[in-house]
There are 2 protein chains.
Amino acid sequence: MFAHSQVLHSVEQDLKRHSGIPLAFLDVLGRLYDAPDGRLRMQELQQRSLFTHSGMTRLVDRVEAAGLLRREQVPGDRRGVSVVITPEGTKHYKEAIVRHRADVERAFASRLTPAQHEAVAKALWQFWHE
Amino acid sequence: MFAHSQVLHSVEQDLKRHSGIPLAFLDVLGRLYDAPDGRLRMQELQQRSLFTHSGMTRLVDRVEAAGLLRREQVPGDRRGVSVVITPEGTKHYKEAIVRHRADVERAFASRLTPAQHEAVAKALWQFWHE
DNA sequence: TGACAATATCTGTCTTGTCAACTACTGCTA
DNA sequence: TAGCAGTAGTTGACAAGACAGATATTGTCA
């Protein structure tokens, strides 16, 4: 728990400083960036998110207000909403993620030996989506 | 991050269900329980926790409102506040921590081999207070 | 086809934690 | 011993997440 909170806090501060966005934004933008056409349903976004399973509506509100994504109607299902990353969002994401990877490397990965890195990954992997 | 959020959420729900207190309460009560006379300064309480000063003030407010601890003046330093665990708090803590250990065992420890357990502990230990 | 359960998302409201500013007190130093 | 920097803890304003319930739409089945 200490490791988690310390690393998280550290990289989040870094991210805000150099890219001006919180980690939750990067998470959302990353999911969209990796999706075909940079587009996902709200529901898919919720399922894949590392954070916020409950507050996705409002998180998307905030990212949208920052101009990094936009909502669109889903053709054929008037309940549904698509979320699409904007060119602005793509640009921000690409720049931010490079720096963020370096932050994680510095705050976390570089402090583990390769053997430790692998051991931790293997041990914790099983918790992924289950 | 997935492992952390999943395990944390799981054991917190368990704790609330069987003991009616959030994990943060257990953390504070544990530190007091382990301290000589069941007593610590606000500052000591804060130092090893993941909270800011103001966060701790409010957490202690809530635990105090639940009757599990009380504030006392520090003799010789009128700025200071001691926090003391109450008999009620001790009782709750002892009962809750036993079950909590079982929860953690079930949700986390039991899913790792002994070798993995040790490897993770060794790899993450260095983040403790540094 | 009409009733009703299920799905997709949003909104209201409460809780919790952060930040910055504030009060009160202590102890150094000139 | 007066001034002042440092320490201890609290408070107000605010941001974000949790939870429950609302709203609109779709699909199923008698």
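Residues numbered from 1 in each chain as written. Chains lettered and ligands numbered in written order. Predicted model: local features only at pLDDT ≥ 70, side-chain atom pairs only at ≥ 80, totals over all residues.

*Asks:* Please give an account of the overall build of chain A that cites residues and values.
*Replies:* Counting its secondary structure elements, chain A contains 6 helices and 3 strands. With the C-alpha coordinates of chain A rotated into their principal frame, the extents come out at 50 × 35 × 25 Å. For chain A, with 130 residues in total, the buried portion stands at 23%. Considering only contacts within chain A whose residues lie at least 6 apart along the sequence, 53% involve residues at least 24 apart. (Helix = DSSP H or I, 4+ residues; strand = E, 2+ residues; numbered from the N terminus. Buried ≥ 20, exposed ≤ 12 C-beta atoms within 10 Å, placed from the backbone. Contact = placed C-beta atoms within 7 Å.)

*Asks:* Can you explain helix H5 (residues 87-107) of chain A? Please cite residues and give values.
*Replies:* Residue and element names in this part refer to chain A. In this model H5 runs 30 Å from its N-terminal to its C-terminal C-alpha over 21 residues, within 8% of the 30 Å that 1.5 Å per residue would give. The complete set of buried residues in H5 reads Gly 89, His 92, Tyr 93, Ala 96, His 100 and Asp 103. Considering only its buried residues, H5 is in contact with helix H1 (2-19), helix H2 (23-34), strand S2 (69-73) and strand S3 (81-85). (Expected span 1.5 Å × (residues − 1).)

*Asks:* Account for the protein's contact with DNA strand D, naming residues and giving values.
*Replies:* Every one of the 24 residues lining DNA strand D counts as a neighbour, but Ser 54 of chain A together with Met 42, Gln 43, Ser 54 and Thr 57 of chain B are closest to it. It is helix H4 (residues 53-65) of chain B that provides the largest number of residues to the surface near DNA strand D, a total of 5 residues. (Near = placed C-beta within 6 Å.)

*Asks:* Tell me about the packing of helix H2 (residues 23-34) of chain B against helix H5 (residues 87-107) of chain B, and please be specific about residues and values.
*Replies:* Residue and element names in this part refer to chain B. Put simply, H2 and H5 touch, their axes get as near as 10 Å, and they point 115 degrees apart. Accordingly, the angle class assigned to the pair H2 and H5 is roughly perpendicular. For the pair H2 and H5, the crossing hand works out as left-handed. Counting all contacts with H2, which are made through Leu 26, Leu 29, Gly 30 and Tyr 33, the residues of H5 involved are Gly 89, Thr 90, Tyr 93, Ala 96, Ile 97 and His 100. Of the residues belonging to the contact of H2 with H5, the class tally is 6 nonpolar, 4 polar and no charged. (Axes fitted to C-alpha atoms, helices over the stretch in contact; angles between N-to-C directions. Parallel < 35°, antiparallel > 145°, perpendicular 65-115°, else oblique. Left-handed = near helix turned anticlockwise from the far one by under 90°. Nonpolar A, V, L, I, M, F, W, Y, C, P; charged D, E, K, R; others polar.)

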